[in-house]
Amino acid sequence: MNPLKHVAIIMDGNGRWGLKNKNSRNAGHKEGLKTVEKIIKETIKNKIKFLTLYAFSTENWKRPKKEINFLFNLLENFLKEKIEDLNNKKIKLKIIGKKNFSSRLTSLLNSSERITSKNKRLQINLALNYGAKTELINAFKELKRNKEIINEKNLKKYLQTKDIPDPDLLIRTGNTKRLSNFLLWQIAYSEIFFEKKLWPDFNERDYYKVIKKYKNIKRNFGNI
Ligand code: IPE
Ligand code: IPE
Ligand code: MG
């Protein structure tokens with residue numbers, strides 16, 4: 001059985017769910033938060049140490065301002081309400097992506113990271129204003145600035161996931177088979193599952209089924 005340390009998820013399909021069920025994309029974003037909570041619980045139950053959630057990409061700024069504002073308000077309220085609970089559950093929160101938000105949100109993100117920084121049960125990386133291309137370009141710039149040799153070990157030092165193992169498992173919900181600029185370096189050998197369900201319909205049982213399938217895959221890493 002394959003060990004499972006790190007799961008990464010592209011939480012896609014909120015907008016479509018909202019339009020279909022409540023005639024509003026934003027209602028789908030709100031509903032999607034319930035799935036986030038279910039998946040966190042199940043991740044802990046399965047003793048997985050790292051969970052990386054793609055919440056907002058560098059390309060998502062192209063969306064209408066009203067939707068963007070709704071999303072960040074949702075995040076702000078979620079953190080205000082739940083950070084204590086996350087902390088009690090011994091969850092460490094880390095933001096990956098560039099924190100160039102309003103000063104209010106940035107300081108809330110910083111304090112959420114600070115409060116939970118010593119926790120060891122599960123680390124949640126929340127990818128916010130994250131894009132793999134930007135991450136890689138920044139890493140190469142750092143290598144150049146420090147006049148370091150370009151190799152895997154040195155490059156990894158400048159990735160935002162530098163301290164953690166690469167994802168073993170990548171899940172994308174929402175019935176779309178693409179990576180949308182998520183963790184391009186780190187998923188070189190991840191097992192990838194594209195799920196038909198929209199994110200708000202995805203639940204802990206669906207997640208557990210994927211975990212079970214993953215555990216029985218023969219992972220080769222180039223070997224036979
Ligand atoms: C994913 O759901 C969540 C974010 C990008 C914030 P979408 O909003 O992309 O939902 P669809 O793909 O339009 O249904
Ligand atoms: C990917 O979903 C980003 C997140 C889930 C945050 P998108 O809905 O933005 O992806 P594309 O644009 O359809 O590729
Ligand atoms: Mg989408």
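Data block above holds the structure.
A brief structural summary. Fair warning: this is a prediction, and the values are worked out from it, not measured in the lab.

### Some words on helix H5 (residues 132–145)
Since the α-helix turns once every 3.6 residues, residues separated by three or four places project in the same direction.
Here is step 1: With 14 residues, H5 ought to run about 20 Å at 1.5 Å a step, and its terminal C-alpha atoms sit 20 Å apart, in line with that.
Here is step 2: Within the sequence span of H5, burial applies to Ala132, Glu135, Leu136, Ala139 and Leu143. Here the buried residues of H5 occupy an arc of 95° about the axis, which is enough to place them on one side. What points out from H5, more than 90 degrees from its buried face, is the exposed set Lys133, Lys141, Lys144 and Arg145.
Here is step 3: The inward-facing, buried residues of H5 contact strand S4 (122–130) and helix H6 (152–157).
Here is step 4: A positive backbone phi angle near 50° is found at Lys147, which sits one or two residues after H5.

### Topic: the pattern of salt bridges
Here is step 1: As enumerated under the stated definition, the model contains 15 salt bridges in all.
Here is step 2: The residue Glu67 makes a salt bridge to Arg63 at a minimum N-O spacing of 2.8 Å.
Here is step 3: Taking the relative accessible area as the measure of exposure, Glu67 reaches 6% and is therefore buried.
Here is step 4: We note a salt bridge from Glu113 to Lys99, for which the minimum N-O separation is 2.7 Å. You can see Glu113 sitting in helix H4 (residues 103–115) and its partner Lys99 sitting in the loop between strand S3 (91–96) and H4, a full 14 residues away along the chain.
Here is step 5: Residue classification places Glu113 among the buried positions, given a relative accessible area of 16%.

### Some remarks on the environment of Arg16
Here is step 1: Mapped onto the secondary structure, Arg16 falls in helix H1 (residues 14–22).
Here is step 2: On the accessibility criterion, Arg16 (37% relative accessible area) is partly exposed.
Here is step 3: Residues Arg16 and Asn26, spaced ten residues apart in sequence, show a C-alpha to C-alpha distance of 9.7 Å.
Here is step 4: Contact partners of Arg16, with chain neighbours within four places excluded, come to Arg25, Gly174, Thr176 and Leu198.
Here is step 5: A polar contact of 2.8 Å, which involves the side chain of Arg16, links it to the backbone oxygen of Gly174.

### A few points about the side chain of Thr52
Here is step 1: Residue position: Thr52 is located in strand S2 (residues 50–57).
Here is step 2: The buried category is assigned to Thr52, whose relative accessible area is 0%.
Here is step 3: One polar contact links Thr52 to His6, side chain to side chain, over a distance of 2.7 Å.
Here is step 4: Apart from the residues lying within four places of it in its own chain, the contact partners of Thr52 are His6, Val7, Ala8, Ile9, Ile96, Asn125, Phe182 and Leu183.

### Quick look at the site of ligand 2
Here is step 1: Taken together, Ile10, Met11, Asp12, Tyr54, Ala55, Phe56, Asn60, Arg63, Arg172, Arg178 and Ser180 make up all the residues around ligand 2.
Here is step 2: The side chain of Asp12 places a nitrogen or oxygen atom 3.1 Å from an oxygen atom of ligand 2.
Here is step 3: Separating an oxygen atom of ligand 2 from a side-chain N or O atom of Asn60 is a distance of 2.8 Å.
Here is step 4: Protein chains shield 78% of the accessible area of ligand 2, which is 380 Å² for the free molecule.
Here is step 5: Looking at which element gives the most residues to the shell around ligand 2, the answer is S2, with three residues.
Here is step 6: Taken together, the residues of the shell around ligand 2 sort by class into five nonpolar, two polar and four charged.

### Overview of the pairing of strand S1 (residues 6–10)
The side chains of a regular strand alternate, first on one face of the sheet and then on the other.
Here is step 1: Of all five residues in S1, five are buried, a share of seventy percent or more.
Here is step 2: Side-chain alternation along S1 places His6, Ala8 and Ile10 on one buried face and Val7 and Ile9 on a second face that is also buried.
Here is step 3: As judged from the four bridges shared by S1 and strand S5 (residues 169–172), these two strands associate in the parallel manner. Within S5, the position partnered with Ile10 by the bridge is Arg172.

### A look at the site of ligand 1
Here is step 1: Taken together, 13 residues form the shell around ligand 1, and within it Asp12, Gly15, Arg16, Arg25 and Arg63 come nearest.
Here is step 2: Side-chain polar atom of Arg63 to an oxygen atom of ligand 1: 2.7 Å apart, as the coordinates give it.
Here is step 3: For the shell around ligand 1, the element with the most residues is H1, which contributes three residues.
Here is step 4: The residue makeup of the shell around ligand 1, split by class, is three nonpolar, five polar and five charged.

What counts as what
- Residues numbered from 1 in each chain as written.
- Chains lettered and ligands numbered in written order.
- Predicted model: local features only at pLDDT ≥ 70, side-chain atom pairs only at ≥ 80, totals over all residues.
- Heavy atoms only, no water.
- Helix = DSSP H or I, 4+ residues; strand = E, 2+ residues; numbered from the N terminus.
- Expected span 1.5 Å × (residues − 1).
- Buried < 20%, exposed > 50% of the residue type's maximum accessible area, 1.4 Å probe, protein only.
- Arc of directions from axis to C-beta.
- Contact = heavy atoms within 4.5 Å.
- Salt bridge = Lys/Arg side-chain N within 4 Å of Asp/Glu carboxyl O.
- Polar contact = N/O pair within 3.5 Å; in protein donor to acceptor, adjacent residues only side chain to side chain.
- Near = heavy atom within 4 Å.
- Areas by Shrake-Rupley, 256 points an atom, 1.4 Å probe, with all protein chains shown as cover.
- Nonpolar A, V, L, I, M, F, W, Y, C, P; charged D, E, K, R; others polar.
- Pairing = 2+ DSSP bridges.

Purely geometric numbers; function is a separate question.
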